[in-house]
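# Working through the structure, step by step
Next come the chains, spelled out residue by residue.
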Amino acid sequence: MEKNYYEILGVSEKATIKEIKKAYMKLALQYHPDKNKNIDANKKFVEIKNSYDILLNPVKRKKFDKELEIQRLKNKIHNELNEKIIKSQQDKTQKKYGFRKFTLIIIIVISIFLINHIIKSKNKENISNISDNIESFDSSNTEDKKIENQLKNIEEKEYPNGDLKF
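As the structure is a computational prediction, the values presented were derived from the model and not from experiment.

Time to look at the overall build of the protein. Helix and strand content of the protein: four helices and two strands. Across the 166 residues in the protein, those meeting the buried criterion constitute 14%. Counting contacts in the protein only where the partners sit at least 6 residues apart, residues at least 24 apart contribute 52% of the total. When the accessible surface of the protein is summed, it comes to about 14500 Å², and 57% of that surface belongs to carbon and sulfur atoms.

Position of Q71 relative to the elements: it lies in helix α4 (residues 58-153). Classification of Q71 as partly exposed rests on a relative accessible area of 24%. Distance from Q71 to E2, taken between C-alpha atoms, is 9.7 Å for residues 69 residues apart in sequence.

This brings us to the side chain of N36. Among the structural elements, N36 can be located in the loop between α2 (17-31) and α3 (41-56). One polar contact links the side chain of N36 to the main-chain carbonyl oxygen of Q30, over a distance of 3.2 Å. In this structure N36 touches Q30, Y31 and A41, once residues within four positions along its chain are discounted.

Glancing now at the packing of α2 against α3. Their axes nearest at 10 Å, the elements α2 and α3 cross at an angle of 165°. When the axes of α2 and α3 are compared, the pair comes out roughly antiparallel. Of the two elements, α2 crosses α3, and the hand of that crossing is left-handed. Taken together, the residues of α3 that come into contact with α2 (itself represented by I17, I20, K21, Y24, L27, A28 and Y31) are A41, K44, F45, I48, K49, Y52, L55 and L56. Within the contact of α2 with α3, the residues separate by chemical class into 12 nonpolar, no polar and three charged.

Glancing now at the packing of aromatic side chains. Scanning the entire structure with this criterion turns up three aromatic pairs. The interplanar angle of 15° and the centroid separation of 4.0 Å between the aromatic rings of Y24 and Y52 together place this pair among those described as stacked. With Y24 in helix α2 and Y52 in helix α3, the pair connects residues that are 28 residues apart, well separated along the chain. Just as Y24 is buried, Y52 falls in that class too. Members of the aromatic cluster, each reached through a chain of ring pairs, are Y5, Y6 and F64. Above the ring of Y31, the side-chain terminus of K44 is found at 5.7 Å from the ring centroid.

So, on to the nonpolar core. Nonpolar side chains in soluble globular proteins generally cluster together in the buried interior. One finds L9, V11, I20, Y24, L55 and F64 to be the most contacted residues of the largest nonpolar core, which totals 18 residues. Mapped by element, the contributors of at least two residues to this core are α1 (5-9), α2, α3 and α4. With near-sequence residues (within four places) excluded, L55 lies in contact with Y5, Y6, L9, I17, I20, R61 and F64.

This structure, assessed with the given rule, holds three salt bridges. One salt bridge connects E13 with R72, and the closest N-O pair in it is separated by 2.0 Å. Of this pair, E13 sits in the loop between α1 and α2 while R72 sits in helix α4, and the two are 59 residues apart along the sequence. With relative accessibility at 36%, the residue R72 sits in the partly exposed group. The partner of D53 in a salt bridge is K49, and the shortest N-O contact between them spans 3.0 Å.

About the cut-offs
Starting afresh in each chain, residues are numbered from 1 along the sequence in its written order. For this predicted model, a pLDDT threshold of at least 70 governs which residues receive local features, and a threshold of 80 or more governs which side-chain atom pairs are given and counted, while totals over whole chains, interfaces and linings are taken from all residues. No hydrogens and no water enter the side-chain calculation; it runs on all heavy atoms of the structure. By definition, any uninterrupted DSSP run of H or I lasting at least four residues is a helix, any uninterrupted run of E lasting at least two residues is a strand, and each is numbered from the N terminus. Type-normalised accessible area, obtained with a 1.4 Å probe on protein chains alone, sets the label of each residue: buried when under 20%, exposed when over 50%, and partly exposed for intermediate values. Throughout, a residue-residue contact means that at least one pair of heavy atoms, one from each residue, lies within 4.5 Å. Shrake-Rupley sampling with a 1.4 Å probe provides the accessible areas, and residues are treated as covered by the protein chains on show and by no other component. Counted as a polar contact is a pair of N or O atoms within 3.5 Å, where, for protein atoms, one must be capable of donating a hydrogen and the other of accepting one, and residues adjacent in sequence contribute only when both atoms are in side chains. Whenever a helix is involved, its axis is fitted only over the stretch in contact; in every case the axis is a line through C-alpha atoms, and angles between N-to-C directions fall within 0 to 180 degrees. Angles below 35 degrees are treated as roughly parallel, those above 145 as roughly antiparallel, those between 65 and 115 as roughly perpendicular, and all remaining angles as oblique. Crossings are sorted by hand: turned counterclockwise from the far helix by less than a right angle, the near helix makes the crossing left-handed, and turned clockwise it makes it right-handed. Throughout, the ten residues Ala, Val, Leu, Ile, Met, Phe, Trp, Tyr, Cys and Pro are labelled nonpolar, Asp, Glu, Lys and Arg are labelled charged, and all others, Gly among them, are labelled polar. Side-chain rings of Phe, Tyr and Trp (the six-membered ring for Trp) are treated as a pair once their centres are within 6.5 Å; stacked means planes under 30 degrees apart, edge-to-face means over 60, and tilted covers the remaining angles. Look at NZ for Lys and CZ for Arg. If either is within 6 Å of the ring centre and within 35 degrees of the ring normal, a charge sits over the ring. Buried Ala, Val, Leu, Ile, Met, Phe, Trp, Tyr and Cys residues form a nonpolar core when they are joined through side-chain atoms within 4.5 Å. Throughout this description, the term salt bridge denotes a Lys or Arg side-chain nitrogen within 4 Å of a carboxyl oxygen of Asp or Glu.

Scope: geometric values only; no functional claims are made or implied.
Structure (structure tokens):
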């Protein structure tokens, strides 16, 4: 179905016979080839006459109304399918970007963990170096104490030649 006869005549789908006749008369006078010299006037006049003939005949009008309803249902189904297809594509895109976001978050978390681990390792090395230095300092202190103790334990001895020895 290509044309909507109601739209051609400019009437509603609930228009009465009287309203259809009135609309036809107005348009027929406007587009009649004897009155309108426009190139498309004849074509428009034939369209108006055909619409009038179908809508004035109760059987043809019912048939047209059914076709119109079928066309609307087809359009509705078509639109709903298109919407579902578009939504499905949007969902796929969102899932794809959702996965990318998730991957990026994982990479950031792992990076933070690694950086934290490296910092802790460096701190442990520094602490280890400090404790090594403290131990070496302590050990040098220990050696000093040993020498001091040894000096305390030395007794003065006098040898026959008169020398003192410690």
